[in-house]
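For reference, the chains in residue letters:
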Amino acid sequence: MTATARSAKPAAPSSAPPPELHLKMLRQMLLIRRFEEQAAEAYALGKIGGFCHLYIGQEAVAVGALAALRDDDYVICSYREHGQALLKGISPNAIMAELFGKATGCSKGKGGSMHLFDASRGFMGGHGIVGGHIPLAAGLAFASKYQGNEKVCVCFFGEAAVNIGAFHETLNMASVWKLPVIFLCENNRYGMGTAFERVAAVTDIVEHACSYDMAAELVDGMNVLTMYDATRRAVERARKQSHPTLLEVRTYRYMGHSMSDPLHGVYRTKDEVEEQKARDPIAQLAGKLKEDGVIDQAALDALDAEIHAEVEAAVKFADESPDPEPGELFTDVLVD
Amino acid sequence: MATLTYRDALNQALREEMQRDPNVFLMGEEVGVYQGAYKVSRGLLEEFGAKRVVDTPIAELGFAGIGVGAAMGGLRPVIEFMTWNFAVLALDQIVNSAAKMLYMSGGQIRMPIVFRGPNGAALQLGSQHSQAWESWVAHIPGLKVVAPATPADAKGLLKSAIRDNNPVIVLEGEMLYNMKGEVPDGEHIVPIGLAEIKRPGTDVTLVCHSKTLAVALKAADQLAEQNVSAEVLDLRSIRPLDEAAILESVKKTNRAVVVEEGWPHAGIGAQIVDLIQRDAFDDLDAPVQRVTQADVPMPYNKVLERAAKASPEKVVAAARRVLYLE
């Protein structure tokens, strides 16, 4: 296993992000949380239809990871991707409008919550079939290497996708062809209502990297600084050496699998959820910044209020936006 | 005009398009060092190098998806399946990723990708290696599907497919690769979506594509001996379908037989019959007949296999039925 760089425990931050980044990351985590809370409310009101998978609890994963990327790097996700879309710079208005199915949405109302896209920003979607987008990530990295543009691709997927064939086929080829891709597995412990250990023979997902002679790291996904640091190392490996990395990120979702699913009950206890909330990623970073004297409670409250207003405005924008024109039904099936 | 095999015509198309556009690359099992399982990619590794002629592991789902991702990243992949029988493993990527990407991204992400390889039965390969894919893929909006029957059409349609900014399925045929035919020199493009009358006639239209062109032409010969003038219409493209050409021919002959390699239930012929009954009802002098593979998995035994496949004799019998000669 010459190329593996596994560590048994979450790595301690060895390269802390600069202080100005701390505040930015706090703001980003708060933005995602408040956005998702508004989405939940709009879903309950029937403004958002279909499936809607929220990111609450997992914010540090995307925020830390994307802070380590270049703006033109590719990000591709499963259907739990509102947070990554926000971080890639798609406006809350365009994302909320997409959730509402409106013409002003980032996919013109044709994608919905699971299919957010902004190709101009390297946000290559929201994909709805578990594990189906993992090969696409390697393909994007293949294109980067082919074109020599040094773009890295980060692929977010849940732990349940590790049991899918596409995961294994792709890791193998990414390693054989040395593709600049980071497989970022968000292990939130449950595929819908099924605990990972009930359906996986190997529960330490980093171990899978051994089969593909790939560098891997186990990361504490509730700590945004750790997340940033591990991703930075993987990005460097991808950009400088064109080597893939598997990151197993331990995280937790507070909400049900989607808005139609219960928060807890048959598959996990309320106590477990509360226990995990004690490690809340936003509270952790806010606490540290207060301790360091970077921010006080008043400033934090002001920041939160500002973000609140921003996402409320996004809901208003989405609500007031028009539906797609009827003719849109038949456009974008093929290009001329 | 040069005489080429279908195989070499495809090889020429690949070579010319790879010379023309550095973003075109070929990926699949055995395409490089081995020179192609059916030698369609012969010489390409030597000319273009391993960067553009990429040998894969046996992992159809994975490399089909990597092709889709590469297309999202601005390349123009040509993904070869050793046969379409194995592409069933890649169906998620063809249907859920390639075909839907443009639509679900609100028109942002183009998908200039070609999936190609031999389709349908060869000889005595048994159930799992002998199925025709037309109706599986033609069902999906967002895909184009072509099925060339001659060397000239193979070259011209593959070139069109590679230049198309949409995902195109190219259905070839193991039994066609050795077929020889004249191929126009130089730039030869066959637009996707145009059928061609391969033999004009007046009494009955035989609608066919791919390997069933040869079946229909033989049937037309036999019918001519019985003083029946059959028109043979080669669809060439399954999606989009050249509906105008089908209707025009049926309006002339007033009778039609649809011949295909695939199974009858929800087959391509069913789609064509639907078109004819809807838009040429008043021109019909008889119900349209279909000739398909028997509605069974393909048997191994030579006699049973022959009985399962569409044949000139079955087409002649169907034509005689629509002509009320039986």
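What you are looking at is a predicted structure, and each value in this text was computed from that prediction instead of being measured.

**A few points about the overall build of chain A**
Move 1: Per the secondary structure count, chain A includes 12 helices and eight strands.
Move 2: Relative to a compact globule of 336 residues, whose C-alpha radius of gyration would be 20 Å, chain A shows 19 Å and is just as compact.
Move 3: C-alpha atoms of chain A, sized along the principal axes, occupy 60 × 55 × 40 Å.
Move 4: Split into buried and exposed, the 336 residues of chain A put 55% on the buried side.
Move 5: Sequence-distant contacts in chain A: of pairs separated by 6 or more residues, those separated by 24 or more amount to 77%.

**Considerations on the sheet that holds strand 10 (residues 204-208) of chain B**
Strands in a sheet are paired, the pairing made by backbone hydrogen bonds, and the direction either parallel or antiparallel.
All names here are of chain B.
Move 1: On the basis of which strands lie adjacent, the open sheet formed by five strands has the order 9-11-10-13-14 and mixed pairing. Either end of the sheet is taken by a strand with one partner, and the two such strands are strand 9 (196-199) and strand 14 (289-291). Sheet twist, expressed as the mean angle between neighbouring strand axes with direction ignored, is 25°.
Move 2: Sheet analysis places strand 10 next to strand 13 (residues 256-259), joined by three bridges and oriented parallel. Within strand 13, the position partnered with Val207 by the bridge is Val258.
Move 3: On top of the sheet, helix 10 (residues 268-279) reaches strand 10, strand 13 and strand 14; it is set at about 155° to strand 13, its chief contact.

**Thoughts on the confidence of the model for chain B**
Move 1: Of the residues in chain B, 100% reach a pLDDT of 70 or more, and the chain-wide mean stands at 97.
Move 2: Two numbers describe this predicted complex: its pTM, 0.96, and its ipTM, 0.97.

**Some words on the sheet that holds strand 12 (residues 237-239) of chain B**
All names here are of chain B.
Move 1: Taken in spatial order, the seven strands line up as 3-2-4-5-7-6-12 in an open sheet, and their pairing is mixed. The open sheet terminates on both sides in strands that have one partner only, identified here as strand 3 (53-55) and strand 12. Each strand of the sheet is rotated relative to its neighbour by a mean of 20°, with strand direction disregarded.
Move 2: Strand direction decides the pairing type here: strand 2 (residues 24-28) and strand 4 (residues 76-80), joined by five bridges, are parallel.

**Overview of the domain arrangement of chain B**
Interface size, as often reported, equals the accessible area lost upon joining of the parts.
Residue and element names in this part refer to chain B.
Move 1: Annotation of chain B at the domain level lists domain 1 (2-183) and domain 2 (196-322).
Move 2: Each of domain 1 and domain 2 has a C-alpha centre, and these two points are 26 Å apart.
Move 3: With 23 residues of domain 1 at the contact, the number on the domain 2 side is 23 residues.
Move 4: Among the secondary structure elements, those contributing two or more residues to the side of domain 1 that touches domain 2 are helix 6 (134-138), strand 6 (144-146) and helix 7 (151-163).
Move 5: Of the residues assigned to the side of domain 1 that touches domain 2, the class counts are 13 nonpolar, seven polar and three charged.

**Some remarks on the packing of helix 1 (residues 19-44) of chain A against helix 12 (residues 297-320) of chain A**
When two helices pack together, their arrangement is given by the angle between their axes and by how far apart the axes lie.
Residues and elements named next belong to chain A.
Move 1: Running from amino to carboxyl end, helix 1 crosses helix 12 at an angle of 40°, the nearest separation of the two axes being 9 Å. Considered as vectors, helix 1 and helix 12 are oriented oblique to each other. Judged by the twist between their axes, the crossing of helix 1 over helix 12 is right-handed. Residue-level inspection shows Arg27, Leu30, Leu31, Arg34, Phe35, Gln38 and Ala42 of helix 1 in contact with helix 12, the latter providing Leu303, Asp304, Ile307, His308, Val311, Glu312 and Val315.
Move 2: Across the contact of helix 1 with helix 12, the residue classes tally to eight nonpolar, two polar and four charged.

**Considering the interface of chain B and chain A**
Move 1: The interface is formed by 34 residues belonging to chain B together with 33 residues belonging to chain A.
Move 2: In terms of residues, the side of chain B that touches chain A owes the most to one element, helix 3 (residues 60-72) of chain B, which gives 10 residues.
Move 3: Classifying every residue of the side of chain B that touches chain A by side-chain character gives 14 nonpolar, 17 polar and three charged.

**Considerations on unusual backbone geometry**
Residue and element names in this part refer to chain B.
Move 1: The linkage connecting Arg239 with the following residue, Pro240, adopts the cis geometry, with an omega of 0°.
Move 2: Locating Pro240 in the fold gives a position in the loop between strand 12 and helix 9 (243-253).
Move 3: The phi torsion at Asn227 lies on the positive side, around 65°, for a residue other than glycine.
Move 4: With respect to the element layout, Asn227 can be found in the loop between helix 8 (212-225) and strand 11 (230-234).

**Digging into the confidence of the model for chain A**
Move 1: For chain A, the average pLDDT comes to 94, and 95% of its residues sit at 70 or higher.
Move 2: Confidence over residues 1-11 of chain A falls short of pLDDT 50; this stretch has 31 contacts with residues more than four positions distant or in other chains.

**Here we look at the nonpolar core**
Move 1: Residues Cys155 of chain A together with Leu206, Val315 and Ala319 of chain B are the most contacted members of the largest nonpolar core, which totals 208 residues.
Move 2: The leading source of residues in this core is helix 1 of chain A, at 10 residues.
Move 3: Here this core gathers at least three residues from each of two domains, domain 1 (2-183) and domain 2 (196-322) of chain B.
Move 4: With residues up to four places along the chain from it excluded, the contact list for Cys155 of chain A reads Ile76, His133, Ile134, Ala137, Val181, Ile182, Phe183 and Leu184 of chain A.

Reading the values: rules and limits
- Residues numbered from 1 in each chain as written.
- Chains lettered and ligands numbered in written order.
- Predicted model: local features only at pLDDT ≥ 70, side-chain atom pairs only at ≥ 80, totals over all residues.
- Helix = DSSP H or I, 4+ residues; strand = E, 2+ residues; numbered from the N terminus.
- Rg over C-alpha atoms; globule rule 2.2 N^0.38 Å.
- Buried ≥ 20, exposed ≤ 12 C-beta atoms within 10 Å, placed from the backbone.
- Contact = placed C-beta atoms within 7 Å.
- Pairing = 2+ DSSP bridges.
- Axes fitted to C-alpha atoms, helices over the stretch in contact; angles between N-to-C directions.
- pLDDT = per-residue confidence, 0-100.
- Domains from an automatic or database assignment.
- Nonpolar A, V, L, I, M, F, W, Y, C, P; charged D, E, K, R; others polar.
- Parallel < 35°, antiparallel > 145°, perpendicular 65-115°, else oblique.
- Left-handed = near helix turned anticlockwise from the far one by under 90°.
- Core = buried A, V, L, I, M, F, W, Y, C linked by C-beta atoms within 7 Å.

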